Amino acid sequence: MKRNVGILIFEEAEVLDFAGPFEVFAVSSELHNNQLFNVFCVGKNSEPISAVNGLSVNPAYNFNNAPKIDILIISGGAGTRKVMKDLDVLEWIEKTHLQTELTLSICSGSRLLGVLGILDNQPYCTHHEVYEHMAEIAPTGKPQNDKRFVNSGKTYTSGGISAGIDLSFHIVEKLHGKKVADKTAEYMEYYKTNF
């Protein structure tokens, strides 16, 4: 089954938070006749967003025309502080999460899951500078400061920035096996012993 991987982006999203996972899922699919994943970015609207440090990115879809998402990836970055107060974005995440096979947050994207109550009483990872804020947002959550990523049901959270790449490889391996993940890592020259 080919899965739709939708990556939520917004103003001041951290570049590697969305670009890293995008590359892992897209390359793994490319190396297998584009049969594994359809990867795309989604924005609140169709206007270009300015990511951290000014990279301009055009979302392929907006909240109104995005196809059904099997794997939702929520970027982190400084912009999450503003987004966590945007009811339209939160409503879209909540609605989309109900229909996903898997939902992943990268870095401080955990704020958005936290404010929705999805991390209540659950283990989670985030950027090392965000744990203090997360204690306010999701006081019953169980921080896992020593982990690169953690799983709670169909929800995964990962630590800061580059940890999203490790989590993405883990998901590729979980869904399609170690050979597929290893072939992708070899092509990308990303050498990690365990995903």
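In the block above lies the structure referred to throughout.
Predicted, not measured: the structure shown is a model, and the values here were computed from it.

Student: Quick question: what am I supposed to make of the packing of helix H1 (residues 15–30) against helix H7 (residues 178–188) here?
Tutor: Between two packed helices, the angle of one axis relative to the other and the distance separating the axes together describe the packing. Between H1 and H7, the least distance of the axes is 9 Å, while the angle of their chain directions is 110°. Viewed along their axes, H1 and H7 adopt a mutual orientation that is roughly perpendicular. In the crossing of H1 with H7, the sense of the turn from one axis to the other is right-handed. Listed contacts from H7 to Glu23, Val24, Val27 and Ser28 of H1 are Val180, Thr184, Tyr187 and Met188. Considered class by class, the residues forming the contact of H1 with H7 number five nonpolar, two polar and one charged.

Student: Help me understand the environment of Val130 in this model?
Tutor: Summarising the element assignment, Val130 is placed in the loop between strand S8 (123–124) and helix H5 (131–137). The class for Val130 is buried, based on a relative accessible area of 6%. Expressed as a C-alpha distance, the spacing of Val130 and Gly109, which sit 21 residues apart in the sequence, is 9.9 Å. What Val130 contacts, discounting residues up to four positions off in sequence, is Ser108 and Arg111.

About the thresholds
- Within every chain, residues take consecutive numbers counted from 1 along the sequence as written.
- For a predicted model such as this one, the threshold for reporting local features is a pLDDT of at least 70, and the threshold for listing and counting side-chain atom pairs is 80 or more; totals across whole chains, interfaces and linings nevertheless cover every residue.
- Calculated side-chain values reflect all of the structure's heavy atoms, with hydrogen atoms and water omitted.
- Throughout, an axis means a line fitted to C-alpha atoms (over the contacting stretch in the case of helices), and angles, computed between N-to-C directions, take values from 0 to 180 degrees.
- In DSSP terms, a helix is any run of H or I states spanning at least four residues, a strand is any run of E spanning at least two, and both are numbered starting from the N terminus.
- What sets the label is the angle itself: under 35 degrees gives roughly parallel, over 145 gives roughly antiparallel, 65 to 115 gives roughly perpendicular, and the rest give oblique.
- With the far helix as reference, a near helix turned anticlockwise by less than a right angle produces a left-handed crossing, and one turned clockwise produces a right-handed crossing.
- Should any heavy atoms of two residues lie within 4.5 Å, those residues are counted as being in contact.
- Each residue gets one label: Ala, Val, Leu, Ile, Met, Phe, Trp, Tyr, Cys and Pro are nonpolar, Asp, Glu, Lys and Arg are charged, and the others, such as Gly, are polar.
- The buried label applies to any residue whose accessible area, calculated with a 1.4 Å probe on protein chains only, is under 20% of its type's maximum; exposed applies above 50%, and partly exposed to all values in between.

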